[in-house]
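A structural walkthrough
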Amino acid sequence: MDSFDTQEIKQFFVAIYHCKFSQVKDLINLTFNLSRYTLIQDLSSMEAVGRVHRFTL
């Protein structure tokens, strides 16, 4: 987690909240599988949303 950038930290905490992770093993697994979750913050352009999603994958 120390190497996460600002976007990855936001993505991490939103995934914890959304999936209701509470155990340490789940948080560890999430750090290795963070690319499964796309955090979309601006829905004004579907093209930009697609780019963000594709970049996350």
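All of the points below concern the structure found in this document. (Residues numbered from 1 in each chain as written. Predicted model: local features only at pLDDT ≥ 70, side-chain atom pairs only at ≥ 80, totals over all residues. Heavy atoms only, no water.)

In terms of nonpolar packing, the biggest core is built from seven residues, these being Phe 4, Phe 12, Ala 15, Ile 16, Leu 30, Leu 34 and Tyr 37. Of all the elements, helix H1 (residues 6-19) adds the most residues to this core, at three residues. Those residues within four positions of Ile 16 in sequence are excluded, and the remaining contacts are Phe 21, Leu 27 and Leu 30. (Core = buried A, V, L, I, M, F, W, Y, C linked by side-chain atoms within 4.5 Å. Buried < 20%, exposed > 50% of the residue type's maximum accessible area, 1.4 Å probe, protein only. Helix = DSSP H or I, 4+ residues; strand = E, 2+ residues; numbered from the N terminus. Contact = heavy atoms within 4.5 Å.)

Our focus in this paragraph is the layout of surface pockets. Empty space among the atoms can be located by rolling a probe the size of a water molecule over them. Estimates place the volume of the largest pocket at around 200 Å³. As for the largest pocket, its lining consists of Asp 5, Gln 7, Glu 8, Gln 11, Leu 34, Ser 35, Leu 39, Val 52, Phe 55 and Thr 56. (1 Å grid on protein atoms, 1.4 Å probe; cavity = no way out; pocket = protein on both sides within 12 Å on 5 of 7 lines; lining within 4 Å. Points joined across faces, edges and corners; volume = space filled by probe spheres on them.)

Its place among the elements puts Gln 11 in helix H1. Classification of Gln 11 as buried rests on a relative accessible area of 9%. Excluding residues that lie within four positions of it along the chain, Gln 11 makes contacts with Leu 34, Tyr 37, Thr 38, Leu 39 and Thr 56.

In total, this model carries one salt bridge according to the counting rule given. Here Asp 26 ties to Lys 25 by a salt bridge, and the two come within 3.7 Å at their closest N and O atoms. (Salt bridge = Lys/Arg side-chain N within 4 Å of Asp/Glu carboxyl O.)

With that settled, the discussion passes to the packing of H1 against helix H2 (residues 24-32). Two elements in contact, H1 and H2, have axes separated by 11 Å at closest approach and are oriented at 135°. Overall, the two elements H1 and H2 adopt an arrangement that is oblique. Crossing geometry of H1 relative to H2 is assigned as right-handed. On the side of H1, the interface is formed by Phe 12, Ala 15 and Ile 16, while H2 contributes Leu 27, Leu 30 and Thr 31. (Axes fitted to C-alpha atoms, helices over the stretch in contact; angles between N-to-C directions. Parallel < 35°, antiparallel > 145°, perpendicular 65-115°, else oblique. Left-handed = near helix turned anticlockwise from the far one by under 90°.)

Structural measurements only, silent on function.
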